[in-house]
Amino acid sequence: MTLRVEILLLITSIAISASSNTVFWRALLTERDMALPANWLVAAAMFVLITCLHFIILALVSNRWTLKPVLAVLLIANAFAVYFINQYTVYLDPTMLRNVLRTDVAETADLLSFGMLQHLFFYAVLPLLFLSRVDIVKLPILRALLIRIGILGFAFFLGAAALLSEFQDLSATMRNQRAMRYLITPANFLYSGFRVLTAEAEVASRPLAAVGEDAAQIFAPGVVRRPRVLVLVVGETARAANWGLSGYTRQTTAELAKLDVINFTNTTSCGTNTEVSVPCMFSQIGRRDYDESQIRSSESLLHVLKHAEVRSVWIDNQSGCKGVCANLEFIRATLPPESSDVARLCPGGQCFDEVLADSIRPLLSSNPRDLVIVLHQMGNHGPAYFKRYPAGFEQFTPVCKNVELGKCTQQEIVNAYDNALSYTDYVLAQTIALLKLQTSHDAGMIYVSDHGESLGENNLYLHGVPFSIAPRVQTHVPMVMWFSPGFVEANRIKLDCLRERAKLASSHDNLFHTTLGLLDIRSAVYEPALDLVAECR
């Protein structure tokens, strides 16, 4: 088959608009009465606009030499994007795309399924086979250039005409539902990819901006104290709605319920995915003045600790510290190959979170001063919730063992999720038990999840919905504190007061300042009003 470049681009653009945007069309039209001709006109105008948009983007980077490579890459990327949008209602904004690009091999393997292979066959293999059988018409360069300019001009005119024909309706829809634009594929990942790459290049081109260089530990006079260890546990994908201590109908926190912990019942995350929340919660900027570029280009809480000569160590069972521990101590949580627990705790190479506690022991015995340890959990990372806990923790059954969550009942999904949450409860209790045994340090622990999760409510799965429209289950997260008697005495903490404070609103913004306050670190960046413990000392 022989086609001109522009004809092949038009065929591709029409096919993509029709077949790759099911979720977008549903979002645009679901509340409209399609018996009314006016709504058909809105749909037609949007179809023409999207087709023209994709045609223009492709026409600007395609000629007879680059056309096939460009379309091949686009079709493969588009096939993956459509699969995840259709399966989980993923919004491919810049933060979600950064999350995707930082996904490691183990996380990627968890997403593979027969359903994905079927989808890729129809959305990538068959189109690539068609593309391979097309011969491109070769025209003289000047003629080809004039034709391209003319067709681009017509595409601009046609797209503008479609937009203006229904401007009031379309502009109001996009203004009121701004996140909807991130469902338009492949424009969503092309735009977001450009934003991510330019932002990463900007951050990489300059050193981190210093934060809290004046930080120093200033102790209350007359207080005799031992070295302290503060363990910050960064949970993964735990939502407060299923947290036993916060009133969930199931007891998913049976172990913590037996301990003298302080449970914060109204904590809001900084974002709805790890790439946003983790850098944000360790930043002085936080959600209140959120500026992603400034957060990523500035030092974190752990760097402020270093300025105050307090050692910090990041121990990871996830996909890294997201820049929070740049140029600081980082340990990948694992077991030595000769360990008898490898088969039990690290099946298939991905370890359960119990290995995090094992990594703490040598640090405590070798550090005579104050120490902060960050444990980054695998937690409830989906969609393979059933892989996040050992078999002995499968108390809620039956469970969903398919990463295509739409093929499971919601109860099966919830059962698997709750089992994983109960395992997190066990890991936290074991961490506290280890800290209780310390004779060299007074100890404390703060646990907070990075974001929540959707488990099929309103046909939403996983997380990553833009913060402005995210359901509460993706932003309402559990937070727990525990302190040893020596830590309470040395820091003069009034536990009854803190329990009352835990009933009020809190957020990731509090972590930075609460940590500094608990370690008696003073700096111009420390704000007592955001220190959850300050008013209870």
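Residues numbered from 1 in each chain as written. Predicted model: local features only at pLDDT ≥ 70, side-chain atom pairs only at ≥ 80, totals over all residues. Heavy atoms only, no water.

Undergrad: Tell me about the state of the cysteines, and name the residues and values.
TA: Counting across every chain of the model gives five disulfides. Here Cys270 is linked by a disulfide to Cys280, with a sulfur-sulfur distance of 1.8 Å. Note on the Cys270 and Cys280 pair: the S-S dihedral is about 70°, so by sign convention the disulfide is right-handed. With a gap of ten residues between them, Cys270 in the loop between β5 (262-268) and α12 (274-281) and Cys280 in helix α12 connect regions that are remote in the sequence. (Disulfide = S-S within 2.5 Å. Helix = DSSP H or I, 4+ residues; strand = E, 2+ residues; numbered from the N terminus.)

Undergrad: Can you explain the pattern of salt bridges? Please cite residues and give values.
TA: Going through the model one piece at a time under the given rule, you end up with 30 salt bridges. Ionic pairing is found between Arg311 and Glu329, a salt bridge with its closest N-O pair at 2.7 Å. You can see Arg311 sitting in strand β6 (residues 311-316) and its partner Glu329 sitting in strand β7 (residues 329-332), a full 18 residues away along the chain. According to the relative accessible area criterion, Glu329 is partly exposed, its value standing at 35%. Here Glu354 makes a salt bridge to Arg344, at a shortest N to O gap of 3.9 Å. (Salt bridge = Lys/Arg side-chain N within 4 Å of Asp/Glu carboxyl O. Buried < 20%, exposed > 50% of the residue type's maximum accessible area, 1.4 Å probe, protein only.)

Undergrad: I'd like a description of the pairing of β5, backed by residues and values.
TA: With five bridges joining them, β5 and strand β12 (residues 476-483) adopt antiparallel strand pairing. By the bridge assignment for β12, Ile262 is matched with Met481. As paired elements, β5 and strand β13 (residues 506-507) share two bridges and run parallel to each other. Paired with Thr267 across the two strands is Ser506, which belongs to β13. (Pairing = 2+ DSSP bridges.)

Undergrad: Go over the packing of helix α1 (residues 5-19) against helix α3 (residues 37-61), please, and point to the residues and values.
TA: The geometry of α1 relative to α3 is characterised by a closest axis approach of 9 Å and an angle of 135° between their N-to-C directions. When the axes of α1 and α3 are compared, the pair comes out oblique. Our pair here, α1 against α3, has a crossing hand that is right-handed. Here Glu6, Leu9, Leu10, Thr12, Ser13, Ile14, Ile16, Ser17 and Ala18 of α1 lie close against α3, whose contacting residues are Phe47, Ile50, Thr51, His54, Phe55, Leu58 and Ala59. Tallied by class, the residues present in the contact of α1 with α3 amount to ten nonpolar, five polar and one charged. (Axes fitted to C-alpha atoms, helices over the stretch in contact; angles between N-to-C directions. Parallel < 35°, antiparallel > 145°, perpendicular 65-115°, else oblique. Left-handed = near helix turned anticlockwise from the far one by under 90°. Contact = heavy atoms within 4.5 Å. Nonpolar A, V, L, I, M, F, W, Y, C, P; charged D, E, K, R; others polar.)

Undergrad: I'd like to hear about the side chain of Ser17, residue by residue, with values.
TA: For Ser17, the location among the structural elements is in helix α1. We classify Ser17 as buried; its relative accessible area is 0%.

Undergrad: Quick rundown of helix α7 (residues 114-132)? Include the residues and the values.
TA: With 19 residues, α7 should reach 27 Å at 1.5 Å per residue; the first-to-last C-alpha distance of 25 Å fits that figure. Along its length, α7 shows its largest kink, about 40°, at Phe121. (Expected span 1.5 Å × (residues − 1). Bend = angle between axes of the 7 residues up to and from the residue.)

Undergrad: Provide a residue-level description of the environment of Leu518, including the pertinent values.
TA: Among the structural elements, Leu518 can be located in helix α21 (residues 509-518). Among the residues examined, Leu518 registers a relative accessible area of 0% and is labelled buried. Linking Leu518 and Arg228, residues 290 residues apart in sequence, is a C-alpha distance of 9.6 Å. In this structure Leu518 touches Arg228, Leu230, Ile446, Phe483, Phe487, Asn491, Ile493, Val533 and Arg537, once residues within four positions along its chain are discounted.

Undergrad: Any chance you could break down the layout of surface pockets for me, citing the residues and the numbers?
TA: There is about 1,100 Å³ of room inside the largest pocket. Looking at the largest pocket, it is lined by 40 residues, and the ones nearest its centre are Pro94, Arg178, Arg181, Tyr182 and Tyr191. Among the secondary structure elements, those contributing two or more residues to the lining of the largest pocket are α3, α5 (94-101), α8 (141-165), α9 (167-176) and α10 (187-204). Top contributing element to the lining of the largest pocket by residue count: α3, with seven residues. When the residues that make up the lining of the largest pocket are grouped by side-chain class, the tally is 25 nonpolar, nine polar and six charged. Empty space within the second largest pocket amounts to approximately 860 Å³. As for the second largest pocket, its lining consists of 34 residues, of which Phe84, Asn99, Val100, Leu101 and Thr103 are closest to the centre. Mapped by element, the contributors of at least two residues to the lining of the second largest pocket are α4 (67-88), α5, α6 (105-111), α10 and α12. Residue contributions to the lining of the second largest pocket peak at six residues, all from α4. (1 Å grid on protein atoms, 1.4 Å probe; cavity = no way out; pocket = protein on both sides within 12 Å on 5 of 7 lines; lining within 4 Å. Points joined across faces, edges and corners; volume = space filled by probe spheres on them.)

Undergrad: Could you give an account of the pairing of β6, naming the residues involved and the relevant values?
TA: Counting buried residues in β6 gives five out of six residues, a clear majority hidden from the surface. Here β6 runs beside strand β8 (residues 371-376); their pairing, made up of six bridges, is parallel. Looking across to β8, one finds that Val313 is bridged to Ile373.

Undergrad: How would you sum up the packing of aromatic side chains? Please name residues and give values.
TA: The full count for this structure, using the stated rule, is 14 aromatic pairs. Taken together, a centroid distance of 5.5 Å and an interplanar angle of 55° make the contact between Phe282 and Trp314 tilted. A residue pair is termed long-range when its members are at least 10 positions apart, and Phe282 in the loop between α12 and α13 (292-296) and Trp314 in strand β6 qualify at 32 residues. Grouped by ring-pair contacts, the aromatic residues Phe352, Phe393, Tyr423 and Tyr426 constitute a single cluster. The ring of Phe396 is capped by Arg250, whose NZ or CZ atom sits 4.2 Å from the centre of that ring. Stacked on the ring of Tyr290, the Lys or Arg Arg287 has its end atom at 4.6 Å from the ring centre. (Phe/Tyr/Trp six-rings, centres within 6.5 Å; stacked < 30°, edge-to-face > 60°. Lys NZ or Arg CZ within 6 Å of the ring centre and 35° of its normal.)

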